[in-house]
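Each chain, letter by letter, is given below.
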Amino acid sequence: MKTPAAGMLATAGYLLLFALAIPVKVPGDPLSTVLEDRNGRLLGARIAADGQWRFPGGRPVPDHVQRSLIRFEDRWLAVHPGVNPFSLARAMWTNLKAGRVRQGGSTIPMQVIRLARKGRPRNLTEKAVEAWGAMRLVFRYPRSVVLRLFADHAPFGGNVVGLEAACWRYFLKPPDRLSWAEAATLAVLPNSPALIHPGRNRSALLEKRNRLLKALHQEGTLDDLALQTALAEPLPGAPHPLPRLAPELLNTMGKTRQGRIGTLIDVTMQERVREVMARHHERLSGNGIRNMAVVVVDNREGAVLAYAGNAPDASGMDGSEVDIVQAPRSPGSTLKPLLFAWALQDGILWPGTLIPDIPTQYGSYRPENFHRTYSGLTPARRAIASSLNVPMVRLLREYGADRFLKRLHRHGFRSLNRPAEHYGLSLVLGGGEVTLWELTGAYAATARWLNGYLKDGRYPDPGTEPISVEAKAGDASPASKDAPHLRAAAIWAMMEAMSLPDRPEDAVNWDYFASSRKVAWKTGTSFGFKDAWSVAVMPEYTIGVWVGNADAEPRADLTGIRAAAPLLFDLLELLPATTWFDPPWEDLTRTTACRISGRPPGPHCPVDTVMIPYKSVWPEACPFHQLLHVHPESGWRVSADCLAPGLSVRKVYLVLPPVEAHFYAPQDPGFEHVPPWHPGCQGDPYELPFQLIFPTPDTRLVIAKDLDGRQKPVVFQATHRESAATIYWHMDEHYLGATTGQHVRTLVPGVGPHLLVLTDDQGRQLRRSFVVAE
């Protein structure tokens, strides 16, 4: 039977246990935003909202730092209940003898409580509150957690709070790399944090540190050599600035985040990328080009290995704080390969299909190649390798701007947020805006799809973001045998076209960029020379580069090949050895194509064997190779109406439209023009042997004016298959004159609609309407 005293004692015990178990308030101050690489190495940090360098806590305290802290602050931490009565008694006796407070007697748990209560007066009442809180703290948490709370929130001088922040500010290293001398220095600072300031009480700090080191030696923690080495180390100087290896990424992520942010970046790659960027920034800044950005991706996991949102040495320059990786800019020609791949996949062309490369105008829009030259007809893959504008605009018109835009949206280009009518045909030349993040992610996704298909016939699902700077939850991406919106065969053909040695027209010495590895790469230059781009793709890696001015200031040398490509190819040298994409044989089929036109062969075409996407729709057969009858002596063209079939010679010609032939002939020394008709033969009445080069159909002219307001003259040009032919020019029923050989007329048409009529010496007639806008 329990006595009343026993019941009261049990009740008191329960109440005590309940009181001890009540949660204890621990320090909860604002935190710095800390950015780390994939292995936990520091990339950069932002100061906390209260102006303190206070890193997020929770990480174990390294053993040698633990020993130093415990030996200096609370050597009986492992055994006392949160309060050390002997320490309190000793402190009281010391203070009474001194007549002032010289020693606190607080344990580490008591200091944690004091840090949580912030700025309370230091008196006996507060000391009792701290003691009670310390006992509750020790009852609730293991001693290692209590020590960690102290290390995370203790003051270390100035605006430095917490062990990890102190390690980086004073020694530029993480806690686990501290020497014994450095650990001892930090262990004595929470007791007197003002000692760390340069020039103030340095001798007292040195004395405290050395006394702690000798105490560790006496208890056997340090041997003689370790002690002498530690004593010889100097004290730290002024606090160091923290690493700034990814300041733009830190600013971007820090807008919505605080605390510790782990990334997939590799700090070594990040440092080397920024070193290469610094060299190129020095070269480019002399030409008024101030900003640049780079993204390096590991395609195999979609991980961003390096993220440089601006030039490393751009501090103080315009736009130096802008994270250009996330800034929408005109992409120039960098979207052309994607149009090529989708057109191939949808059966509009084959890789070698000839696309017209002639003066072109749709309404008031007149695309031009970089050097304003034309080749008449060019293979689609060469249009990609040489970055020709006119063929790609004509291809987009056939493919459809709305259809292309929808594909780009599915491919991750969210910055293209206007309807297709807003961009028009300029979309493929940079008429919209994308980010370097989207562009690099798009090409990395295509490489990843092709890699997955080549590995096991399945396409990895990149999810909503094809690349990531942070580790994804459930990182194993599902895979499917169903093709994404870009199949393996089309991707492989695109990569092959991007790897061809025939490089952009403005590359005078493009082979300067030749790499020891095979790489698919593409440059881009925005209209007005405001943005320079370059992207490189291999099975293992993708690199995206942007160079320019954040304020969109144009510069004459701001082209992809001159500003961005040199940086790209220096970055390629940072990568380990890479491989190349094998052909995705199961998604390809072998067939024959016309050797010249690249289309399905007609009956008179010379043929080559080509690989095309499996079960794809075939484009139209080659219309150019035609069997003609010619006179055996004169070589003139004849028909059965004027020469018996047995007397003529049959010969296959590459019959091109007159405008295409006009520009194609100088590019091909073996090209033979279609011979003129024999004078005694009546030719095909529906065949027109001449065409207007300019104006093109449906042209809407906007003519520049002189300073006095008069319209400048416009050069009109035609071409005729027969070199000796004469063309008679009429406009609006007025005779303008005749031309032979070079069919060029300089005219000054007035504002409004006009009708141009051309008639050759055989009476054949061409009519062309055009409008001159005000």
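It should be noted that the structure appears before, not after, this text.
**Q** How would you explain the environment of His754 if you had to name every residue and give the values?
**A** Within the element layout of this structure, His754 appears in strand E25 (residues 752-760). C-alpha of His754 to C-alpha of Val772: the two residues are 18 residues apart in sequence and 7.9 Å apart in space. Separated by 2.5 Å, the side chain of His754 and the backbone oxygen of Gly750 make a polar contact. Of note is the side chain of His754, whose polar atom sits 3.4 Å from the backbone oxygen of Gly752.

**Q** Quick one: what's the story with the packing of helix H7 (residues 163-171) against helix H8 (residues 180-188), residue by residue and with numbers?
**A** Packing of H7 against H8 leaves a shortest axis separation of 11 Å and a crossing angle of 120°. Our classification of the angle between H7 and H8 gives oblique. Two packed elements cross with a definite hand, and for H7 against H8 that hand is right-handed. Of the residues in H8, those touching H7 at Leu163, Ala166, Cys167, Tyr170 and Phe171 are Glu182, Thr185 and Leu186. Per-class residue counts for the contact of H7 with H8 are 6 nonpolar, 1 polar and 1 charged.

**Q** Explain the sheet that holds strand E13 (residues 531-537) to me, using residue names and the numbers behind them.
**A** Pairing is antiparallel across the open sheet formed by 5 strands, whose spatial order is E7-E6-E14-E13-E12. Two strands bound the open sheet, and with one partner strand each, they are strand E7 (303-308) and strand E12 (520-525). Each neighbouring strand pair of the sheet contributes to a mean axis angle of 10°, computed without reference to strand direction. In this sheet, E7 lies alongside strand E6 (residues 291-298) in antiparallel orientation, the contact comprising 5 bridges.

**Q** Go over the sheet that holds strand E21 (residues 714-720), please, and point to the residues and values.
**A** What the 3 strands build is an open sheet, ordered E19-E21-E24; its pairing is antiparallel. Looking at strand neighbours, the two that pair on one side only are strand E19 (690-694) and strand E24 (743-747), the edges of this open sheet. Between one strand and the next, the sheet's axes are offset by a mean angle of 25°, whatever the strand orientation. Two strands pair when backbone bridges link them, and E21 and E24 are joined in this way by 5 bridges, in the antiparallel orientation.

**Q** Explain the side chain of His485 to me, using residue names and the numbers behind them.
**A** You can see His485 is positioned in the loop between strand E11 (479-480) and helix H19 (488-498). Sequence-distant contacts of His485, that is, excluding residues within four places in its chain, are made with Trp342, Gln345, Arg407, Arg410, His411 and Trp449.

About the thresholds
Residues numbered from 1 in each chain as written. Predicted model: local features only at pLDDT ≥ 70, side-chain atom pairs only at ≥ 80, totals over all residues. Heavy atoms only, no water. Helix = DSSP H or I, 4+ residues; strand = E, 2+ residues; numbered from the N terminus. Polar contact = N/O pair within 3.5 Å; in protein donor to acceptor, adjacent residues only side chain to side chain. Axes fitted to C-alpha atoms, helices over the stretch in contact; angles between N-to-C directions. Parallel < 35°, antiparallel > 145°, perpendicular 65-115°, else oblique. Left-handed = near helix turned anticlockwise from the far one by under 90°. Contact = heavy atoms within 4.5 Å. Nonpolar A, V, L, I, M, F, W, Y, C, P; charged D, E, K, R; others polar. Pairing = 2+ DSSP bridges.

Read these as spatial facts, not as claims about activity.
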